[in-house]
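Examination of the molecular architecture
This is what each chain is made of:
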Amino acid sequence: QVQLVESGGDLVHPGGSLKLSCAASESISNIYRMGWYRQAPGKQRELVATITNGRLTNYADSVKGRFTISRDNAKNTLYLQMNSLKPEDTAVYYCNAQFGTILIIRSTYWGQGTQVTVSS
């Protein structure tokens, strides 16, 4: 069972940048897809971005052009570079790992979350 630990959340002004990290307790090279999700107060958890082990990426429309997801298999770490942050980006950001293939996901794991607050 992989453990995921997020870090990098902080309070930042609108227009600022943050880089989130998600450290895995084991090799991520066999994890089919990893991603970032977020949940704002009173709202459902939503997808932010995902990346497969083949480096295919997918982004929510609301973050396209501002956020970049990447994974470093050698460091067993997932990243989310967030630029041009807006107040509506304020949320708890969760790291997600999915084992399986494009046809079937066998198991899913979540981190504990890291708070991102965008405010002046």
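Presented here is an overview of the structure given in this document.

The rules behind each value
Residues numbered from 1 in each chain as written. Predicted model: local features only at pLDDT ≥ 70, side-chain atom pairs only at ≥ 80, totals over all residues. Heavy atoms only, no water. Disulfide = S-S within 2.5 Å. Helix = DSSP H or I, 4+ residues; strand = E, 2+ residues; numbered from the N terminus. Buried < 20%, exposed > 50% of the residue type's maximum accessible area, 1.4 Å probe, protein only. Polar contact = N/O pair within 3.5 Å; in protein donor to acceptor, adjacent residues only side chain to side chain. Contact = heavy atoms within 4.5 Å. Phe/Tyr/Trp six-rings, centres within 6.5 Å; stacked < 30°, edge-to-face > 60°. Lys NZ or Arg CZ within 6 Å of the ring centre and 35° of its normal.

Quick look at the state of the cysteines
Under the counting rule described, the total for this entry stands at 1 disulfide. Bridging Cys22 to Cys95, the disulfide has an S-S length of 2.1 Å. What sets the handedness of the Cys22 and Cys95 disulfide is the S-S torsion sign, and at about -80° it is left-handed. Of this pair, Cys22 sits in strand 3 (residues 18-24) while Cys95 sits in strand 9 (residues 91-100), and the two are 73 residues apart along the sequence. For Cys22, a relative accessible area of 0% gives the class buried. Classification of Cys95 by relative accessible area gives buried; the value is 0%.

Overview of the side chain of Thr114
Within the secondary structure, Thr114 sits in strand 11 (residues 114-118). Given a relative accessible area of 10%, Thr114 falls into the buried group. Within polar-contact distance, the side chain of Thr114 engages the backbone nitrogen of Gly9 at 3.1 Å. When near neighbours in sequence (up to four residues on either side) are disregarded, Thr114 contacts Glu6, Ser7, Gly8, Gly9, Leu20, Ala91, Val92 and Tyr93.

Looking at the environment of Leu80
Mapped onto the fold, Leu80 is located in strand 8 (residues 77-82). On the accessibility criterion, Leu80 (0% relative accessible area) is buried. For the pair Leu80 and Trp36, spaced 44 residues apart in the sequence, the C-alpha separation amounts to 7.5 Å. Excluding its chain neighbours within four sequence positions, the residues that come into contact with Leu80 are Leu18, Lys19, Leu20, Trp36, Val48, Ala49, Phe67, Thr68, Ile69 and Tyr93.

Considerations on the packing of aromatic side chains
With the rule as written, the count across this model stands at 2 aromatic pairs. Consider the rings of Tyr37 and Trp110, whose centres lie 5.1 Å apart with planes at 70°: the pair is edge-to-face. Taken together, the residues Tyr37 in strand 4 (residues 33-39) and Trp110 in strand 10 (residues 105-110) connect sequence positions 73 residues apart. What makes Trp110 partly exposed here is its relative accessible area of 38%. With a centroid separation of 5.8 Å and an interplanar angle of 90°, the aromatic rings of Phe99 and Tyr109 are classed as edge-to-face. On the criterion of sequence distance, the pair formed by Phe99 in strand 9 and Tyr109 in strand 10 is long-range, its members being 10 residues apart. Side by side, Phe99 and Tyr109 carry an identical accessibility label, which is buried. Between the NZ or CZ atom of Arg45 and the centre of the ring of Tyr94, over which it lies, the distance is 3.7 Å.

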